[in-house]
Amino acid sequence: VERARRKARGQISFYGSTPAYRGLLDHHGHEGLQETLNRMSQQGQWGEMTGRISDALFDTIAVRGTPEQVAAKLRSRNTFADRTTLVLYNETAPDAPVDLVRKLES
């Protein structure tokens, strides 16, 4: 689980470094983070960038848990979108994506 969280934090920090994510970060109370991440990316501080993604921000942007927990969280959060894109960081449970989709369908 922790390895998956690290990978997801890396992706969030990369996305957060782009100007397109400034509004999202600002909206959730992380003013200035996009600029910081962008500067860090230009300096090649990729590993350090992940440390800027707090647990609170991670849980605001990402969903983690068992397939059943993730399905419930996605349903409760996603009352406005007609689609969701999943990025799974799970190398140890190959059936997890199938389980997740089944839980989402039920």
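All figures in this text were calculated on a predicted structure; none of them were measured in a lab.

A. Broad picture of the environment of Thr-36. Turning to its location among the elements, Thr-36 is positioned in helix α3 (residues 33-42). The class of Thr-36 is buried, set by a relative accessible area of 15%. Separated by 69 residues in the primary sequence, Thr-36 and Glu-105 place their C-alpha atoms 40 Å from one another.

B. Fine view of a nonpolar patch on the surface. On the surface, Phe-14, Tyr-15, Tyr-21, Leu-24, Trp-46 and Ile-61 cluster together into a nonpolar patch covering about 520 Å² of accessible area. Within the fold, Ile-61 resides in helix α5 (residues 55-61). Take Ile-61: its relative accessible area is 31%, and that puts it in the partly exposed class.

C. Quick look at the environment of Pro-19. Among the structural elements, Pro-19 can be located in the loop between α1 (2-16) and α2 (22-27). Residue class for Pro-19 comes out exposed when judged on its relative accessible area of 63%. The spatial distance from the C-alpha of Pro-19 to the C-alpha of Asp-82 is 25 Å, given a sequence separation of 63 residues.

D. Geometry of the confidence of the model for the protein. Per-residue confidence for the protein averages 89 on the pLDDT scale, and 97% of its residues sit at or above 70. α3 holds the highest mean pLDDT among the elements of the protein, 98, whereas helix α7 (residues 96-105) holds the lowest, 85.

E. Main features of the pattern of salt bridges. Considering all chains together, one arrives at 7 salt bridges under this definition. For Lys-103, the salt bridge is made with Glu-68, and the minimal N-O distance between the two is 4.0 Å. Of this pair, Lys-103 sits in helix α7 while Glu-68 is found in helix α6 (residues 67-77), placing the two residues 35 residues apart along the sequence. Taking the relative accessible area as the measure of exposure, Glu-68 reaches 54% and is therefore exposed. In the salt-bridge network here, residues are joined through shared partners; they are Arg-5, Arg-9, Asp-55, Asp-59 and Arg-64.

What counts and what doesn't
Residues numbered from 1 in each chain as written. Predicted model: local features only at pLDDT ≥ 70, side-chain atom pairs only at ≥ 80, totals over all residues. Heavy atoms only, no water. Helix = DSSP H or I, 4+ residues; strand = E, 2+ residues; numbered from the N terminus. Buried < 20%, exposed > 50% of the residue type's maximum accessible area, 1.4 Å probe, protein only. Patch = residues over 30% accessible without salt bridge, like charges linked within 9 Å, V, L, I, M, F, W, Y side chains within 5 Å. Areas by Shrake-Rupley, 256 points an atom, 1.4 Å probe, with all protein chains shown as cover. Salt bridge = Lys/Arg side-chain N within 4 Å of Asp/Glu carboxyl O. pLDDT = per-residue confidence, 0-100.

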